[in-house]
Amino acid sequence: MSSRRAKIKGVKDHSADAQNHIELQQEKINIWSQKALHGKHRYHVTQEHINERQSYSWLQDGQFFPETEGFMLAIQDQVIATMNYMKYIIKDTPITDENCRKCHQQKETIDHITSHAKLSLDPSTQLDITLQPRSFTKKLAITNKLIENTDPYYNYTPTSVLENNEYKLYWGVEIHTDKTIPANRPDIVFQSKADKVTYLTDIAIPKDTNIQNAYAGKISKYTELAIEIKRLWKQNKVTIVPLIMSIAGLTPNTFTPHLQQAWTNGYTKYFKRL
Ligand SMILES: [Zn+2]
């Protein structure tokens, strides 16, 4: 009898501990959320248009060096030694000029520094580690048997046009149409010949606060081109696929559905964990 009572008591104690633990966790989250600077990331990641689990999938994937992961977390927590941060937060040495050390035009904050790094097809771009157009293009090309190359993606420079009997892939190519359309070079144009469906994929890495604008911007930017391609190439459907991920890794809810929509066959398996 006494041992049974002890057992029940033990269970009760355990559940009480778990309850305390949850309260502590929640308390930690609450305190974090209230921080003016360090809590910004928490605020952004809990917005309705953001997929929180997916935004942190890189922490489980183990594709980055530990230093890179640490650096990402420091960016999320806004604890990077920018001139602005040194002047107003650290305050250990007097800083007279808090302007950007590169352009000297604006205050050196994380948002400002990242605005210097434009995503491009240039392999030297450092910031597109997570959302690397070359990596996407290569996976797409291999999956659809357009190439057999097995080099790491960072050594791979895609050919601008790849084609087989079923698919056609343009990489950073200007699409010529009857009327002049300025926005005529999406990152990747992928066509499924049998379905007569074309996907115009463009990738952007905006600030955390600019994800929705970036998405809408891509749709409006390529709408005219999509209409022209549908007509000229006699397609059943032309879909614009904006793949957006913020500089701190925030991933909008639109990301995975777009991948699944654009990249059929085995390609989605690659991203299954997302
Ligand atoms: Zn600058």
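Counting restarts for each chain, with residues numbered from 1 along the sequence as it is written. Totals for whole chains, interfaces and linings use every residue, but because this is a predicted model, local features are given only for residues with pLDDT of at least 70 and side-chain atom pairs only at 80 or more, for both listing and counting.

### Looking at the overall build of the protein chain
Then step 1. Regarding its fold elements, the protein chain presents eleven helices and five strands.
Then step 2. Remark: C-beta atoms are placed from the backbone, and a residue is labelled buried if 20 or more other C-beta atoms sit within 10 Å of its own, exposed if 12 or fewer do, or partly exposed between those counts. A burial count over the protein chain gives 22% of its 274 residues as buried.
Then step 3. The contact criterion used is a C-beta to C-beta distance within 7 Å, with each C-beta placed from the backbone. Considering only intrachain contacts with a sequence separation of at least 6, the fraction spanning at least 24 residues in the protein chain is 53%. Note on conventions: DSSP H or I runs of at least 4 residues are helices, E runs of at least 2 residues are strands, and numbering of each starts at the N terminus.

### Examining the nonpolar core
Then step 1. Buried Ala, Val, Leu, Ile, Met, Phe, Trp, Tyr and Cys residues form a nonpolar core when they are connected through C-beta atoms within 7 Å. Of all hydrophobic cores here, the largest spans 29 residues; its most connected members are Leu169, Phe190, Leu200 and Ala226.
Then step 2. Contributions of two or more residues to this core are made by α8 (133-143), β2 (167-171), β3 (188-192), β4 (197-204), α9 (211-232) and β5 (237-244).

### Considering the pairing of β5
Then step 1. Of all eight residues making up β5, six are buried, and the element is well covered by its neighbours.
Then step 2. As defined by bridge partners, β4 adjoins β5 across eight bridges and the pair is classed as parallel. Along β5, the bridge assignment pairs aspartate 202 with proline 242. For two strands to pair, DSSP has to find at least two bridges joining them.

### With respect to the environment of methionine 72
Then step 1. Secondary-structure assignment places methionine 72 in helix α5 (residues 66-76).
Then step 2. Sequence separation between methionine 72 and glycine 249 is 177 residues, and the spatial gap between their C-alpha atoms is 8.2 Å.

### Considering the sheet that holds strand β1 (residues 161-163)
Strand pairing within a sheet occurs via backbone hydrogen bonds; the two strands may be parallel or antiparallel.
Then step 1. Spatial ordering of the open sheet is given by β1-β2-β3-β4-β5, a layout of five strands whose pairing is mixed. Looking along the sheet, the strands with just one partner apiece sit at the ends: β1 and β5. Between one strand axis and the next, the sheet turns by 15° as a mean value, whatever way the strands run.
Then step 2. Here β3 runs beside β4; their pairing, made up of five bridges, is antiparallel. Bridge pairing in β4 links phenylalanine 190 to tyrosine 199. Simply put, an axis is a line fit to the C-alpha atoms, just over the touching stretch for a helix, and the angle between two N-to-C directions goes from 0 to 180 degrees.

### What about the confidence of the model for the protein chain?
Then step 1. Along the chain, pLDDT gives the predictor's confidence residue by residue, from 0 to 100. On average, the protein chain scores 80 in pLDDT, and the residues at 70 or more come to 76%.
Then step 2. Element-level mean pLDDT values for the protein chain span from 38 in helix α11 (residues 267-270) up to 96 in α9.
Then step 3. Confidence over residues 1-8 falls short of pLDDT 50; this stretch has zero contacts with residues more than four positions distant or in other chains.
Then step 4. Contacts of residues 265-274 to residues separated by more than four positions or lying in other chains number 17 contacts, the stretch itself having pLDDT below 50.

### Let's talk about unusual backbone geometry
Then step 1. Unlike most non-glycine residues, lysine 91 shows phi in positive territory, near 55°.
Then step 2. Tracing the backbone through its elements, the reader meets lysine 91 in the loop between α6 (83-90) and α7 (110-116).
Then step 3. By the C-beta count within 10 Å, which is 10 here, lysine 91 ends up exposed.

### Some remarks on the pairing of β4
As a general feature of sheets, a regular strand has side chains that alternate between the two faces.
Then step 1. A large share of β4 lies buried, amounting to six of its eight residues.
Then step 2. The loop that links β3 with its antiparallel partner β4 comprises four residues; one of these, lysine 196, has a positive phi angle of about 55°.

### Section: the environment of lysine 168
Then step 1. Following the sequence through the fold, lysine 168 ends up in strand β2.
Then step 2. In the structure, lysine 168 is positioned 27 residues away from alanine 141 in sequence and 9.1 Å away in space, judged by C-alpha atoms.

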